[in-house]
Structures are given as structure tokens and as C-alpha cells.
Amino acid sequence: MIKAGIIGATGYAGNELVRLLMGHKEVEIKWYGSRSYIDEKYASVYQNMFQIVDAVCMDDNMEELAEQVDVIFTATPQGFLAGVLTEDILKKTKIIDLSADFRIKDVAVYEKWYNIEHKSPQFIEEAVYGLCEVNREQIKGARLIANPGCYTTCSILTAYPLVKEGLIEADTLIIDAKSGTSGAGRGAKLPNLFCEVNENMKAYGVTNHRHTPEIEEQLGYAAGKEVLINFTPHLVPMNRGILVTEYATLKKNADGSLPTYEEIKAAYDKYYEKEKFVRVLSKNQCPETKWVEGSNYVDIGFKIDERTGRIIMMGALDNLVKGAAGQAVQNMNLLFGFEESEGLNLVPMFP
């Protein structure tokens, strides 16, 4: 058994981590960190944990926690981990950070898009971007994992094989993304009130959403060059789920023809056929959030538009599982040599 601590255990992603780790045969949770609920019983914050979790919430003292556990999950706002991380902490424990503090390699880009100073840029270079299906081998030997978020995971995985294989013009990529309200966190915010969200759909962060440079950076690695995209997120009135619809111009074959369905499918199969948690759907099937809810799966589909010479790629995942806590557990499994799917064999919930 390894010992785990969670900082930010009372947020939605933190609570999802608790739920998943409670079903993991190799992990014991030793620390339920929450600045807002110190000394309160965890089950009083989340009643679903009544008679399941008897622990009380503790503080966010990373130095003390590092002495007690093998891995720390930080499900915290941007800036927290960067503000407290030290070499001494990293020498004692592994860290999986669910914030964006170490996802972007260029500190100036991070500071521009997040509008905060990065307090520990010396750790950015060694941090591994925890997209398991892409960086599996690097993850295994890391001390610090930058766990990707929901929009980025879905957006990158949906387009990655076609960018990597040069089947699309990466700079023509347009990503239209929609998220359930849990993606905004548990804090009380006026735009997230029921009356504001219900019977409504809205775009936000248009042209300036802070996940844009993260998606561009990772797809740029796949393309082997700088990539610029349009990314527009939308808030929809549901609890969980991410759906992305991505549009790009196809690169023509040498004879001037468009790639066929079989060629596109072969590219997806090359990267995902052996991946447990990425399901490439059958021809003409479109992903739906309800078919991945509560699971660590990503469903991907595509359709070629021969009239315009473009391809429409679609992806769906649960923002709290594969988009946050599930991916963090998947990273932990790789770090400690466990079966990658341990604790994550979750059949999607329906209805």
C-alpha cells in the first residue's frame, strides 16, 4: 500500500479523487486537506462519504504532508503549488498537480494567460505533462506531474493522431468545446447559480481562454512546429461532461484526392487501438457525454466533409474523471508501477 494526501479534497475534483482512491486496492488516503473546512469531518462536507470516510479535514501544509505520504495530489487553484513547492518536498514525495502551474513550459506564456507571477519556475522544465496516452514513458520516472485539465485532454486527444500524422493543416484547427458546470468548481459564483445556468448556453473566454496556449503547445509538439488554433468554450446546463467539436482542413494526397475514411481511421487506430481509455467509435457514430459519464473513457468520432475538404472531429469525456481525478489516478498508477487501469475500471453511468 502507498499513502496518499490530497490538498483541495473538498472541491469537486478533490472529492472525485477521494471516490476513486477509496476503490483503489493499492492506496490509503492519509490526508484530506482543505483550507476552508479544517477540523470538520469530511463526511459532513460530502454526505455521500457518510460511514465511508471518518477522517476530518486538515490544512494545506505541504512540508508536513510530504513527510507522511508517497504521493500528493494538489486539486487547488492556479498559483498554490507554484507558491509552496520546494526541492525538499520533491525529494520526499511525488506530486500530481491538477492545476495549470506546471503545464506550460514557457513561464512568460503562463504569466500572460493566467495573469499571476509564477513563484517556482525552476521546476517547470522537469514537470511532465501527464497525458498518459501521449507521455506514458516520461510519466513513469517523474517526480512532478502536470495533470491536464478537461478541455485540454479532450481537445488534444481528439486531434492528436491527425496532427501527428500530418493529415490535417494544424493551423486551420477550430475547437468548439462545451462543458458541464462542475468544471467551474464548487465555489459560490454568480454565473454558476442555478437560475443563471439553467435553460441557458453561453460562450465565454472567446479568443482568450487560458487553456488555448496549453492546447497549442501540446499539438505543436505533435506537429513539430508552432500551432495556432481557435478555441471557444461554452457552458451548458448539465453537471458533468465535455464535448468538443473540432474542424480542420484536410491535407490532400499526392494525386489531389482527400484522405479516405479508412486512412483517417488507420491513423486513430495507430495511436489508440491498444489504449484502454480511448474509444474510437464506429463509422458515422458521434460521441455523447452521457455514454462516458462517471468513467475514465474518452469517446472519439469523426466525419469527412468532402464538399469543403474539411474533417469534423468529435470527442467526449467526463470532466471530473478523465478530465481531472481519473487522469490523476492513471498518472499515479504509472508512477508506482500499478496496473494502469487500477481503480479506474468504471462502467459509464446511464441514465
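Above this text sits the structure in question.
Description of the structure in this document. (Residues numbered from 1 in each chain as written. Predicted model: local features only at pLDDT ≥ 70, side-chain atom pairs only at ≥ 80, totals over all residues. Heavy atoms only, no water.)

### Some details on helix α7 (residues 132-140)
Side chains three or four residues apart in an α-helix point the same way, a direct result of the helix having 3.6 residues per turn. Residues of α7 that are buried include every one of Cys132, Glu133, Asn135, Arg136 and Ile139, and no others. On its buried side, α7 packs onto β5 (128-129), β6 (144-146), α8 (150-164), α10 (212-223), β11 (278-280) and α12 (321-336). (Buried < 20%, exposed > 50% of the residue type's maximum accessible area, 1.4 Å probe, protein only. Helix = DSSP H or I, 4+ residues; strand = E, 2+ residues; numbered from the N terminus. Contact = heavy atoms within 4.5 Å.)

### Observations concerning helix α1 (residues 12-22)
With respect to burial, α1 is a largely interior element, eight of its eleven residues being buried. Listed in full, the buried residues belonging to α1 are Ala13, Gly14, Asn15, Glu16, Leu17, Val18, Leu20 and Leu21. Buried positions along α1 lie against β1 (2-7), β2 (27-33), α2 (42-45), β3 (71-74) and α12.

### Thoughts on the packing of aromatic side chains
Enumeration according to the criterion identifies eleven aromatic pairs in this entry. In textbook terms, an aromatic cluster arises when at least three aromatic residues are bridged by ring pairs, as seen for Tyr261, Tyr268, Tyr272 and Phe302. A cation over an aromatic ring shows up here: arginine 186 above the ring of tyrosine 46, its NZ or CZ 4.3 Å from the ring centre. The ring of tyrosine 297 has arginine 279 sitting right over it, with the charged end atom 4.4 Å from the ring centre. (Phe/Tyr/Trp six-rings, centres within 6.5 Å; stacked < 30°, edge-to-face > 60°. Lys NZ or Arg CZ within 6 Å of the ring centre and 35° of its normal.)

### Examining the sheet that holds strand β8 (residues 202-203)
The strand order β8-β9-β7-β10-β13-β12-β11 describes an open sheet built from seven strands, whose pairing is mixed. Whereas interior strands pair on both sides, the edge strands pair on one side only; in this sheet they are β8 and β11. Bridge analysis of strand β12 (residues 298-305) against strand β13 (residues 310-317) gives eight bridges, and the strand direction is antiparallel. The partner of aspartate 299 across the bridge, within β13, is alanine 316. (Pairing = 2+ DSSP bridges.)

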